[in-house]
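# Architecture at a glance
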Amino acid sequence: MRLALITFASILALGSIPLLADSISYANVGQLAPDHTFTATTSGKVTAYFYSSDAGNDDRIILWDKTSSAKTAPSLDDHSSAVGSSVSLAVTAGDTLVFVLDDVTTGQYFSSVDYFGVASPANYNDDGYNHAYSTLYSGGISGIPAGTYVGMEDLGVTSLRPLTGSDLDYNDDNIVVTNVTPTPTPEPSTIILFGTGLVGAASALRRKFARG
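The notes below deal with the structure included here. Computed from a prediction, not measured in an experiment: that's the story for all the values here. (Residues numbered from 1 in each chain as written. Predicted model: local features only at pLDDT ≥ 70, side-chain atom pairs only at ≥ 80, totals over all residues. Heavy atoms only, no water.)

### Focus: the packing of aromatic side chains
Under the counting rule described, the total for this entry stands at 8 aromatic pairs. On the basis of an interplanar angle of 50 degrees and a centroid distance of 4.9 Å, the ring pair of Tyr 26 and Tyr 133 is categorised as tilted. Taken as a pair, Tyr 26 in the loop between helix H1 (2–20) and strand E1 (36–40) and Tyr 133 in strand E9 (residues 132–137) lie far apart in primary sequence, 107 residues in all. Take Tyr 26: its relative accessible area is 7%, and that puts it in the buried class. Tyr 133 gets classed as buried once you look at its relative accessible area, which sits at 13%. With centroids separated by 6.3 Å and ring planes inclined at 70 degrees, the aromatic side chains of Tyr 133 and Tyr 149 adopt a geometry described as edge-to-face. Separated by 16 residues along the polypeptide, Tyr 133 in strand E9 and Tyr 149 in strand E10 (residues 147–152) bring together distant segments of the chain. (Phe/Tyr/Trp six-rings, centres within 6.5 Å; stacked < 30°, edge-to-face > 60°. Helix = DSSP H or I, 4+ residues; strand = E, 2+ residues; numbered from the N terminus. Buried < 20%, exposed > 50% of the residue type's maximum accessible area, 1.4 Å probe, protein only.)

### Observations concerning the sheet that holds E9
Either a parallel or an antiparallel arrangement is found when strands of a sheet pair, and the pairing is made through backbone hydrogen bonds. In spatial order, the strands read E6-E2-E13-E10-E9; together these 5 strands make up an open sheet with antiparallel pairing. Looking at which strands have only one partner, the edges of the open sheet turn out to be strand E6 (86–91) and E9. Averaged over all neighbouring strand pairs, the angle between strand axes comes to 25 degrees, with direction disregarded. Direction of pairing for strand E2 (residues 44–53) relative to strand E13 (residues 173–178): antiparallel, over a ladder of 6 bridges. Paired with Phe 50 across the two strands is Ile 175, which belongs to E13. (Pairing = 2+ DSSP bridges. Axes fitted to C-alpha atoms, helices over the stretch in contact; angles between N-to-C directions.)

Have a look at this one:
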């Protein structure tokens, strides 16, 4: 009986290992994740911790400081990195950070910047779409500290309507990053509406002063 209990406990313990590394699910699977701009919060180091992977392809996650052009080397490999292993990059407060997925299997690069379907190989994005979903992470899994969870998609998008080429589930390669601040990036339509509002306000002021 005692042996059976020990065996059962061992099975439970082993069974809990993948649960600890489960990705933080993306609520809108099949839809492009909202784009964020990531900036270094303070001067020092930005550290990325390997959280989990659900990718069949061999991928590497690279941190790119777009402001200084520095990149992490080595990177986090989805099939050889242990949960909690990390890479760091020296940064200055306010630097812009980009998360790059290097799909070694296909030879493609995808990043956390949305170029609205326009491929930008120079900026590590071969299909032009945002490949990163981010949310806050409170800590507690395998010693990984609190920070920003980033789940990345490793399948390239051929078309959004209808969605082809990718499933956009954002759980292929997952990391937690410290010392970054994610800020939502306005959609182009939002910028246009904002600009239109400013033009309208300026016109109203001109009419007001003209009457005065």
